[in-house]
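Commentary on secondary and tertiary structure
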Amino acid sequence: MNPLHWLRTHRWAFAGIGVLVLWVALSATTAQFSLASLSGVATSASFLAVVALGQMFAVATGGGNVDLSIPGVVTLSAFATMILSGGTDMGLLRALPVVLAIGVVIGAVNAILILRLRIPAIIATLAVGYVLDTASLLANRRFTTFAISPALRTLATAHPAGVPAILLLALALAVAVAVLIGRTSYGRWLMATGQSATAADLAGVPVASVTATAFVFSGVLAAIDGALLSAHTGGAFLEMGRPYLLQSVGAVVVGGTLIFGGSATAFGTLLGSLLLVLIVTTMQIAGLPGGVQDMVQGAVIIAVLAAAGSGLSRRTA
Amino acid sequence: MSGGAGMAIAAPVRSRRTSPLLLLLSLRTLIALFAVFAFFSLTAPNFLAVETLVLLAKHVSINAFLAIGMTFVIVTGGIDLSVGSIVGLSGMVAGGLIDRGLPLPMFHVTLFPDVAVVIVAALAVGLLVGLVNGLLVTRLDVAPFIATLGTLYVARGAALLVSGGETFPNLVGRPQFHNTGFPVLGAGTVLGVPVSVIALIVVSLVAAYFAGRTPFGRRVYAVGGNERAALLSGVPVDRVKLIVYMISGACAAFAGLVVASELVASHPASGETFELNAIAATVLGGTSLAGGRGTIWGTIVGAFVIGILGDGLVMLGVSSFWQMVIKGTVIIAAVVLDQMQRRMQRRMAILAQTG
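This write-up is about the structure you can find in this document. (Residues numbered from 1 in each chain as written. Chains lettered and ligands numbered in written order. Predicted model: local features only at pLDDT ≥ 70, side-chain atom pairs only at ≥ 80, totals over all residues. Heavy atoms only, no water.)

Examining the packing of helix 6 (residues 121-141) of chain A against helix 15 (residues 320-354) of chain B
This is how it is decided: Every axis corresponds to a line fitted to the C-alpha atoms, with the helix fit spanning only the stretch in contact, and the corresponding angles, defined between N-to-C directions, vary from 0 to 180 degrees. A run of H or I in DSSP becomes a helix once it reaches four residues, and a run of E becomes a strand once it reaches two; helices and strands are each numbered from the N terminus. Oblique is the label for any angle not under 35 degrees, not over 145, and not in the 65 to 115 range, which are roughly parallel, roughly antiparallel and roughly perpendicular in turn. Here, two residues are considered to be in contact whenever any of their heavy atoms come within 4.5 Å of each other. Here the nonpolar group is Ala, Val, Leu, Ile, Met, Phe, Trp, Tyr, Cys and Pro; Asp, Glu, Lys and Arg are the charged ones; every other residue, Gly included, is treated as polar.
Helix 15 of chain B packs onto helix 6 of chain A with a crossing angle of 170° between their chain directions and a minimal axis gap of 8 Å. Relative to helix 15 of chain B, helix 6 of chain A is oriented roughly antiparallel. Contact with helix 6 of chain A, carried on its side by Tyr130, Val131, Thr134, Ala135, Leu137, Leu138 and Arg141 of chain A, involves Ser320, Phe321, Met324 and Val325 of chain B of helix 15 of chain B and no other residues of that element. A class-by-class count of the residues in the contact of helix 6 of chain A with helix 15 of chain B yields eight nonpolar, two polar and one charged.

Shown next, in the form of structure tokens:
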């Protein structure tokens, strides 16, 4: 089999190679990159992977769709978790439905703006994100406690047999998403919608509900991530979701999902998340300032897309 | 709604029969402007005071600079999300040059350039980021929203690097270095009119001239109206796109200079989320996000609507959350009305042909 052809159909391999190269380089050059830091990398990558898997649904719907409200959902859900749970497991039971509702409602609002009012996804979700940020600003004023529900803390920080629980969660989620995409009719509808909404519609695919569901998935996963993140970082703070704006899109495309939709890989998104986190870790170990880290992340994502744009046929809506 | 591709459909229809509803729709931005102006004149105390209006015009000018550049980009069918970061970067470049100068270690000297040179340098940085955006979109075929989302981070990172995250305070310059005068841009007045407002008038006139009366302007509309048709009729599509992103970069850099000059300080986080207000003003002014239609004057009116709405709501003491919700609703309404107008124009064009 032609190796080039194989690479083109298994685009996640690029992210895999990148992960391997950085891993070997870090292990060889620094004593600091031990098993302990590996667990740290895995944890950060898992938090990123949860939102990135949601972003992947939004991107897969095609037409340049993307969910830029993810950072806003993460932050607001973290605040909701902290404020409503009050640091008890009973409180967590109160908070969870609200957190899930935030995800569902925001996803639905995005879907209505995009499908009913035909506002480009990028503008609609960006605007929704700003509204959410302002809501978090208001929540921040009511913020009284830094106590975290014990159950949530266990889920976000425990290491059964040395493996971070959150990693197991992210892996399980990725498997579930992979099955959903690859083995169900919803997955096939999603890919058909992403490749050509018009053709999918003519073929009887419920394009609008498929797209709406994708944005709801994205919202819910971001909301769950925000709740877990509040337990992991020990509180909620403004702009805590902000890094995920670029990173969620980045992990998806670096993992080999096509930015114009119609093809998605959960495994690739997992690898993409790992690669982005490894890049950030490398820069931190090298002692580069935060400004450089922003610049490199932006540049890596542009570079991957530029390579994909020239190497693969691009679909425009 | 005049200009470019839209004109060809609209003009013959209007000469035969004009539906009053269509007329109202096409004047919606002006109507919105009068509505918000009248509303806040009646409800917000002191809204009509000269000082309030001058301050309002200064606020509007910053967003209007961004929105003018954004209009060119959106008319070609693109988008520029990096403008907010360029605002921050341009301010930091100017602040650094005034506060710390340009160290030249090989000569063991530090250059403190004249304010005019500082301004040119900051504008050049904006042009450069715009050039990168344009090259990514045209040469490397990266989708505009991803390319400019990437440069949003790159430019913000660069802004942080200029000072290591610090603010450059008190940018008044030092007489012994002959680099005083930077605050004039943001705080100076000529015959009582703020310099930034005069700059806005000049920039809008120039931009409107280029968009409406030059071959370049026609090409911008042609690219956004139908890229393939434009390419086949000999329009240098890639070059037009490259230039519009550079215009947007330069406009954003100028806005960054005005912000830094007004505050007499530059902060690396300055300009965050400015892109949404710029897009809002553009869309509100009747520019279609699909490309091909839009005017500079519409955008200016849109910027005033957004600005009056923002300042007026603050004066009424409306909470920041509801300000965001109201602004978001206005943007959505603008897009919905635009689609309504397009549908009606299409229907009337068909009627005009058949009847």
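Structure shown, so let's carry the discussion forward.
A short note on the interface of chain A and chain B
Inclusion rule: What counts as buried area is the accessible surface, traced by a 1.4 Å probe, that two parts surrender upon association, with contributions from both included. By definition here, a salt bridge exists when the distance from a side-chain nitrogen of Lys or Arg to a carboxyl oxygen of Asp or Glu is within 4 Å. Nitrogen and oxygen atoms within 3.5 Å of one another constitute a polar contact, given that in protein one can donate a hydrogen and the other can accept it, and given that sequence-neighbouring residues count only through two side-chain atoms.
The partner chain B presents 34 residues to the 39 residues of chain A that form the contact. Note on chain A versus chain B: buried area summed over both sides is about 3,300 Å², and carbon and sulfur give 80% of it. Contact with chain B buries surface across chain A, with Ile123, Tyr130 and Ile302 of chain A losing the most and accounting together for 19% of the total. The interface formed by chain A and chain B holds one salt bridge in total. With its nearest N and O atoms 3.9 Å apart, the salt bridge here joins Arg242 of chain A to Glu272 of chain B. Taken together, the connections running from chain A to chain B amount to two residue pairs in polar contact (both at pLDDT 80 or more). Secondary-structure elements contributing two or more residues to the side of chain A that touches chain B are helix 6, helix 12 (244-254) and helix 14 (290-311) of chain A. The dominant element in the side of chain A that touches chain B, judged by the number of residues it contributes, is helix 6 of chain A, at 11 residues. Split into classes, the residues belonging to the side of chain A that touches chain B amount to 28 nonpolar, five polar and six charged.

As for helix 5 (residues 83-99) of chain B
All names here are of chain B. Applicable threshold: To estimate how far a helix should reach, multiply one less than its number of residues by 1.5 Å. For each residue, the accessible area found with a 1.4 Å probe, counting protein chains only, is set against the maximum for its type, and the residue is called buried under 20%, exposed over 50%, and partly exposed in between.
Over its 17 residues, helix 5 runs 24 Å from end to end, which matches the ideal 24 Å to within 8%, given 1.5 Å per residue. Along helix 5, 16 of the 17 residues are buried, which leaves the element largely enclosed by surrounding structure. Backbone geometry just downstream of helix 5 places Gly101 in the positive-phi region, at approximately 75°.

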